[in-house]
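If you want the building blocks of each chain, they are given just below.
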Amino acid sequence: MNASVTRRDAVLGIAAAATSFAVPSILRAQSAGRVVVVGGGFGGAACARALKRAQANLQIILIEPSTVFTSCPFSNEVIAGLRDIEAQQFGYDRLGAEGITVISQAVTTIEPQLRSVVTADGVALPYDRLVLSPGIDFHFEALPGYDDASSGKMPHAWKAGAQTLLLRRQLEEMPDGGTVAIAIPANPSRCPPAPYERASLIAHYLKTRKPRSKVLILDAKDTFSQQRLFEKAWKELYGDMIERIGLSQGGRVTSVDAATRTIVTEFGNYTPDVANVIPPQRAARIAQIAGAADATGWCPIDPVTFQSKLVQNVHVIGDACLGGGIPKSASAASAQGKACAAAIVNLLAGRAPEAPRLTGVCYNIVAPGYGFSLAGNYQPKGDIFAEVEGGATSPVDAPRELRAREAAEAEHWFQTITADTFG
């Protein structure tokens, strides 16, 4: 089956689907069921594949407006000129070949009472279970002066693709002796260590191409994940090229002015040559439309089944959900997608789902051949995931051989997770 379904194909298939939903529920119960997954990133694609492999006669529909997925993990290497953007891009042909219906449309409406989603071209898709894996959107209201238009001058590069290449181009055009500022929001946010990896790799680019330049980190936090490892690497590799101003020193960005490329903090203003502004985040808009997000902007879930606490028959996975101790990362999203698939198969069969145990790993590359990692195990505890014993982080004092080995392991992890997710 082709990975991309035309509107005519979709209408024909969905008309038949709608007919099946019109028959009495006792007759529909004889079929395996239909699961619609919204979002084709690491969580959604992994969930769709796991559902189909667990029960081949389930009808799985994956809705994703982009025909090509561009990965955020390793996109910092693209920014630093160490990797081509094509190495980050993956299609959905393999999922289509496995019998998953892939529809290249955006979802505009979700009607939980009707168990139906509506795509941008007006097609209604009924479901037995709905999985939302929409990722994050930006909470522009929380950062005055920053919006979609501003990102054309002060790129966030927090959604991989055109923004990644824009930030790379700005670095290439910056004169030697310039300053690159990275504005980092408070948690929760997608992949908390990634801004510091980005600062590291930008410093590597500057060290090799524009050695009189500087990296300035304006941070809304005082501490961050793997801080000792990053700071040791910065001192060892980059000397005083990287300067970080934390929350208590006035590093929190309160507003920006894109016209003048000005970043405003509580204690001062900065006008760097390149401004990488990562705004505060929340669950993507479709989660808001579905009614699955609460006042925090994120989606509360039952951690055993990933069912929404706010909307029946809807599951939320990946960056959009309130996960507690588990980070918002590709590894976590993939693990959640597979665990959610197992829960849905059990629920459709009338069986009690088993409590999942999820494992997540985060690799950070601070220079070519220099990496470190953090791995954790997570289990449901109350309404969230809590970290349990068995996790590990790279030692702060380690020989370069270990750093080189972890950098190689990071590349292997990326090849493995993308093949596992997209084929």
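Please read all numbers here as calculations on a predicted model, not as lab measurements. (Residues numbered from 1 in each chain as written. Predicted model: local features only at pLDDT ≥ 70, side-chain atom pairs only at ≥ 80, totals over all residues. Heavy atoms only, no water.)

**Some remarks on the sheet that holds strand E20 (residues 358-367)**
- Pairing in this open sheet of three strands is antiparallel, and the strands run E20-E21-E22 from one edge to the other. The sheet is open, and its two edges are formed by E20 and strand E22 (384-393), each paired on a single side. Between one strand axis and the next, the sheet turns through 30 degrees on average, direction left out of account.
- Pairing analysis gives nine bridges linking E20 to strand E21 (residues 370-381), with the strands arranged antiparallel. Its bridge partner being in E21, Thr359 is matched across the sheet by Asn377. (Pairing = 2+ DSSP bridges. Helix = DSSP H or I, 4+ residues; strand = E, 2+ residues; numbered from the N terminus. Axes fitted to C-alpha atoms, helices over the stretch in contact; angles between N-to-C directions.)

**Focus on the environment of Thr208**
- Within the fold, Thr208 resides in helix H7 (residues 194-209).
- The exposure class assigned to Thr208 is partly exposed, which follows from its relative accessible area of 49%.
- For the pair Thr208 and Gly390, spaced 182 residues apart in sequence, the C-alpha to C-alpha distance is 39 Å.
- Looking at Thr208, its side chain comes within polar contact range of the main-chain oxygen of His204, at 3.0 Å.
- A distance of 3.0 Å separates the side chain of Thr208 from the backbone oxygen of Tyr205, its partner in a polar contact. (Buried < 20%, exposed > 50% of the residue type's maximum accessible area, 1.4 Å probe, protein only. Polar contact = N/O pair within 3.5 Å; in protein donor to acceptor, adjacent residues only side chain to side chain.)

**Let's talk about unusual backbone geometry**
- Following Asn187, the chain continues into Pro188 via a peptide bond in cis, with omega recorded as 0 degrees.
- Following the sequence through the fold, Pro188 ends up in the loop between strand E11 (179-184) and H7.
- Phi is positive for Gln226, close to 60 degrees, though the residue is something other than glycine.
- Of note in this structure, Phe306 is not a glycine but carries a positive phi near 70 degrees.
- Looking at the secondary structure, you find Phe306 in the loop between helix H9 (285-290) and strand E19 (314-316).

**Section: the sheet that holds strand E2 (residues 59-63)**
- Taken in spatial order, the five strands of this open sheet run E5-E2-E1-E9-E19, and their pairing is parallel. Each of the sheet's edge strands pairs with one partner strand only, and the pair in question is strand E5 (101-103) and E19. Taken pair by pair, the neighbouring strands of this sheet meet at an average axis angle of 20 degrees, ignoring direction.
- Pairing analysis gives five bridges linking strand E1 (residues 34-38) to E2, with the strands arranged parallel. In the strand pairing of E2, Val36 is matched with Ile61.
- The strands touched by helix H10 (residues 330-348) within the sheet are E1, strand E9 (129-132) and E19, with E9 carrying the most contacts at an inclination of about 170 degrees. (Contact = heavy atoms within 4.5 Å.)

**Topic: the packing of aromatic side chains**
- Counted according to the given criterion, the structure contains 17 aromatic pairs.
- On the numbers, 5.0 Å between centres and 85 degrees between planes, the contact of Phe230 with Phe372 is edge-to-face. In this pair, Phe230 is assigned in helix H8 (residues 227-238) and Phe372 in strand E21, connecting sequence segments 142 residues apart. For the pair formed by Phe230 and Phe372, the shared burial category is buried.
- It is Lys159 that lies over the ring of Phe138; its NZ or CZ is 5.3 Å from the centre. (Phe/Tyr/Trp six-rings, centres within 6.5 Å; stacked < 30°, edge-to-face > 60°. Lys NZ or Arg CZ within 6 Å of the ring centre and 35° of its normal.)

**Section: the pattern of salt bridges**
- On inspection of all chains with the given rule, the structure shows 16 salt bridges.
- Asp219 is paired through a salt bridge with Lys221; the nearest N and O atoms lie 3.4 Å apart.
- Since its relative accessible area comes to 0%, Asp219 is described here as buried.
- Close ionic contact of Asp219 with Arg244 constitutes a salt bridge, the shortest N to O distance being 3.1 Å. (Salt bridge = Lys/Arg side-chain N within 4 Å of Asp/Glu carboxyl O.)

**Section: the nonpolar core**
- If you look at the biggest cluster of nonpolar residues, it comprises 105 residues, and the most contacted ones within it are Leu51, Val117, Leu130, Leu132 and Val215.
- Looking at which element gives the most residues to this core, the answer is H10, with nine residues.
- Excluding anything up to four places from it in sequence, Val215 contacts Val180, Ile182, Ala199, Ile202, Ala203, Leu206, Met241, Ile242 and Glu243.
- Residues Tyr146, Val253, Val256 and Val277 belong to the second largest nonpolar core, which totals 14 residues. (Core = buried A, V, L, I, M, F, W, Y, C linked by side-chain atoms within 4.5 Å.)

**Side note on helix H6 (residues 162-173)**
- Counted at 1.5 Å a residue, the expected span for H6 with its 12 residues is 16 Å, and the 16 Å between its end C-alpha atoms agrees.
- Within H6, burial applies to Gln163, Thr164, Leu166, Leu167, Arg168, Gln170 and Leu171.
- The inward-facing, buried residues of H6 contact helix H4 (75-79), E11, H7 and strand E17 (274-277). (Expected span 1.5 Å × (residues − 1).)

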